[in-house]
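# Chain and residue survey
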2 protein chains.
Amino acid sequence: MTGPRLTPLVSGLPATVPFVGPETQERANGRPFLARIGANESVFGPSPRVIEAMAAAAPEAWMYGDPEAYDLRAALARFHGVPMEAIVAGEGIDGLLGYLVRLLVAEGDAVVTSDGAYPTFNYHVAGFGGVLHKVPYSGDSEDPDALVAKAAETGAKLIYFANPDNPMGSCHDAGTVTRMIAAVPDGCLLALDEAYGDTAPGGTLPPLDPEDRRVIRLRTFSKAYGLAGMRVGYAVGHPDLIAAFNRVRNHFGLGRVAQAAALAALADQGYLTDTVARIAASRERITTIAKGLGLAPLPSATNFVTIDCGGTGDRARALIAELGKRGIFVRMPFTPPQDRCIRISCGTETDLDRLEAVLPEALASLR
Amino acid sequence: MTGPRLTPLVSGLPATVPFVGPETQERANGRPFLARIGANESVFGPSPRVIEAMAAAAPEAWMYGDPEAYDLRAALARFHGVPMEAIVAGEGIDGLLGYLVRLLVAEGDAVVTSDGAYPTFNYHVAGFGGVLHKVPYSGDSEDPDALVAKAAETGAKLIYFANPDNPMGSCHDAGTVTRMIAAVPDGCLLALDEAYGDTAPGGTLPPLDPEDRRVIRLRTFSKAYGLAGMRVGYAVGHPDLIAAFNRVRNHFGLGRVAQAAALAALADQGYLTDTVARIAASRERITTIAKGLGLAPLPSATNFVTIDCGGTGDRARALIAELGKRGIFVRMPFTPPQDRCIRISCGTETDLDRLEAVLPEALASLR
């Protein structure tokens, strides 16, 4: 008996996954991490009002969420000053990126990204048979000119560009991004991932313009809003493109409690402001700790600090392992030369006390 | 400027959606429904222990859910007596069906279902370019022999079969289903949707057998467990097939609170038993109300009762509209001859008091 027949495309996909969760490592280690500062989550948590809203919504969890996510999209439309027809909400930016790639990328279609940028995007492109063309980072930043030039050269249908960037924490100013958007070749779309936009300095995010067919903007409640576990992201783009998501998305995929949580989070901008300040202070302390040990932390516009450890990828990987043994969950860039760095997410004071206590001995153990 | 270039497949997809949510109708009506008994949700809600577990998990919503859903899958494995490698959890059966179709169905591949069965499955098949072959219901039941014969005739890669059935509420016994599985052609997979398995009479569900490559079983927390709004379903199948989901699924798509809710729901089997009894009593009362008005309710193995209104689809659609005007949200089968019926989900006593009060005048208004 042959069993089910996978498509040729799926048969050729690797069985590897974009990210291993910290829980998998905890099970392997036989104990939980003492500091969970590796997945760029917000240790400061969601707003107390969000927690209340979720508890209040729990008894209503027997009802499917509104498949139009009307109230959430209407609130986002008011917040951003765009029509709600320009907004689609979905199961995190990961889910929306999957739908977006599916909309545009058939087998053999060209797609452009940076070598070392978001692995989950690459996973989706491979999953739909796209051909990925990668351009190198310029220093520790994504290179807008190179991305656009590669798209023109390859006739790409889609460019991925994160601003601020993950895993390096760098960012370009709004003027640079605006010029990049204007240079996107006709027939190509720029997927502008602004997951870390809430923590970026003023002047990083260009104004939203849903009339512009060259760009789609991706935002999330998973980072500064502290709701990674609820899976709510959204995209802002031209209404024609946004409407196309309805042809492929899981219409009831955004649950009722998730919608209630996102709505409450958006309404509590004071908490977001406080969180962004706590993130900035935490970034500052991580930077100080790293400098005190002779490491070279990079400037960050995000909720993490990427630290140049001054060696090879092997050395950084060894450092991650040593930190793991000491109960600290952190990650690192996957690709050279960025993999000379480790990436530490902002933590609570307690998290950073632990980091400060064990980082010296973790470094010493490498010698 | 041409704007983004959708794939040829997506360009040809209709903009229609499988289901319009009750919230959309409420916005159009300018008022909420008084009884929400149209989407086969469980009005009896989730267990109080589940509500507690969700409230307790809310402050942890800053963490991504475990991408392996290890604890949930381990609990399901113990519950069902199968290896956890035979289980994939995902964003409801809808989400899992989308992944399953993507794994197996390339453009032009044949797929078999019943004419009038689950529209969301058809939506996924169209979305990946499959060619859907439909066999008629036999009376008001899906026809296992006809489904298998059509699969053999068309060389189908996938058969969809719901047992118990939605929208008719009918079911086949385990022996019939077991014979159907044995008859699935080599190279074809039976997607056996058992969303309503929890409310079916004993002897409906064949034993789970993850060694059998011909079938994948789909279960959900959205129906009797009362968690439609959390989007948690799972599939049980051969570990090779289950592993293939990891090549395409949204690994972090199942949120942390959703996993906590499902785990607590599974642990409270006493509540499930009570709910199933309440569903049975509600089914009984809907049946009595319908008979008292000269209608012909069908036997039901589900959490809804499908009622033959003895006329055309137009008459049933008019009745749905009249009930809607009176604050009652119900739905009906989409396809003739099943569309002579309306489908009423089990409700609370209050819901059914309202139904009993307005159904006579809604019927009278049709004359």
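Each residue is numbered by its place in its chain's sequence as written, counting from 1. Think of it this way: whatever chain is written first is A, whatever ligand is written first is 1, and the rest follow in order. Since the coordinates come from a predicted model, pLDDT governs what is reported: local features require at least 70, and pairs of side-chain atoms require 80 or more to be given and counted, while whole-chain, interface and lining totals use all residues.

## What to know about the sheet that holds strand 10 (residues 304–308) of chain A
All names here are of chain A. The following threshold applies: Only when DSSP finds a minimum of two bridges between them are two strands counted as paired. Elements are defined by DSSP. Helices are runs of H or I of four residues or more, strands are runs of E of two residues or more, and each kind is numbered from the N terminus.
Spatially, 9-10-12 is the arrangement adopted by the 3 strands of the open sheet, whose pairing is antiparallel. Edge positions in the sheet fall to strand 9 (296–297) and strand 12 (341–345), since each of these pairs with one other strand and no more. Pairing between strand 9 and strand 10: 2 bridges, direction antiparallel. Bridge pairing in strand 10 links Ala296 to Asp308.

## A few points about the environment of Pro22(B)
Note that Pro22(B) resides in helix 2 (residues 22–29). Put simply, Pro22(B) and Phe33(B) are 11 residues apart on the chain and 8.1 Å apart in space, counted from C-alpha to C-alpha.

## With respect to the confidence of the model for chain A
Low-pLDDT stretches of the model should not have their predicted coordinates read in fine detail. In plain terms, the rule: pLDDT measures how confident the predictor is about each residue, on a scale from 0 to 100.
On average, residues of chain A carry a pLDDT of 97, and 100% of them reach 70 or more. On the interface metric, ipTM, the complex scores 0.97, and its pTM is 0.98.

## Some words on the packing of helix 3 (residues 48–57) of chain A against helix 10 (residues 256–267) of chain A
All names here are of chain A. The following threshold applies: Axis geometry follows a simple rule: fit a line to the C-alpha atoms, using only the stretch in contact for helices, then measure angles between N-to-C directions, giving values from 0 to 180 degrees. Small angles under 35 degrees read as roughly parallel and large ones over 145 as roughly antiparallel, with 65 to 115 read as roughly perpendicular and the rest as oblique. For a crossing to be left-handed, the near helix must be turned anticlockwise from the far one by less than a right angle; the clockwise case is right-handed. Residue pairs qualify as contacts under a 7 Å threshold applied to their C-beta atoms, which are placed from the backbone.
Remark: helix 3 packs on helix 10, axes separated minimally by 8 Å, with the N-to-C direction vectors making an angle of 150°. One way to sum up the angle between helix 3 and helix 10 is to call them roughly antiparallel. Where helix 3 crosses over helix 10, the handedness of that crossing is right-handed. Contacts between helix 3 and helix 10 involve Arg49, Val50, Ala53, Met54 and Ala57 from the first element and Arg256, Val257, Ala260, Ala261, Ala264 and Ala265 from the second.

## Description of the relation of the copies chain A and chain B
Just so we agree on the cut-off: Our superposition of the copies is a least-squares fit, built on the C-alpha atoms of residues whose pLDDT is at least 70 in both.
Taken as rigid bodies, chain A and chain B are interconverted by a rotation of 180° and an axial shift of 0.0 Å, the fit giving an RMSD of 0.0 Å. Given the turn and translation reported, the copies of this chain are related as if by a two-fold rotation axis. When C-alpha distances to the rotation axis are compared across chain A, the minimum falls at Ala55(A), with a value of 2.4 Å. Both copies contact each other with a shared surface, as 100% of the interface residues of chain A are interface residues in chain B too.

## A few points about the interface of chain A and chain B
So the rule is basically this: We call Asp, Glu, Lys and Arg charged. Ala, Val, Leu, Ile, Met, Phe, Trp, Tyr, Cys and Pro are nonpolar, and the rest, Gly among them, are polar.
Each side of the interface is counted separately: chain A has 78 residues, and chain B has 79 residues. Those elements that place two or more of their residues in the side of chain A that touches chain B are helix 1 (8–11), helix 2 (22–29), helix 3, helix 5 (92–104), helix 9 (239–244) and helix 10 of chain A. The greatest single-element share of the side of chain A that touches chain B, amounting to 6 residues, is contributed by helix 5 of chain A. Looking at the side of chain A that touches chain B residue by residue, the class counts come to 41 nonpolar, 21 polar and 16 charged.

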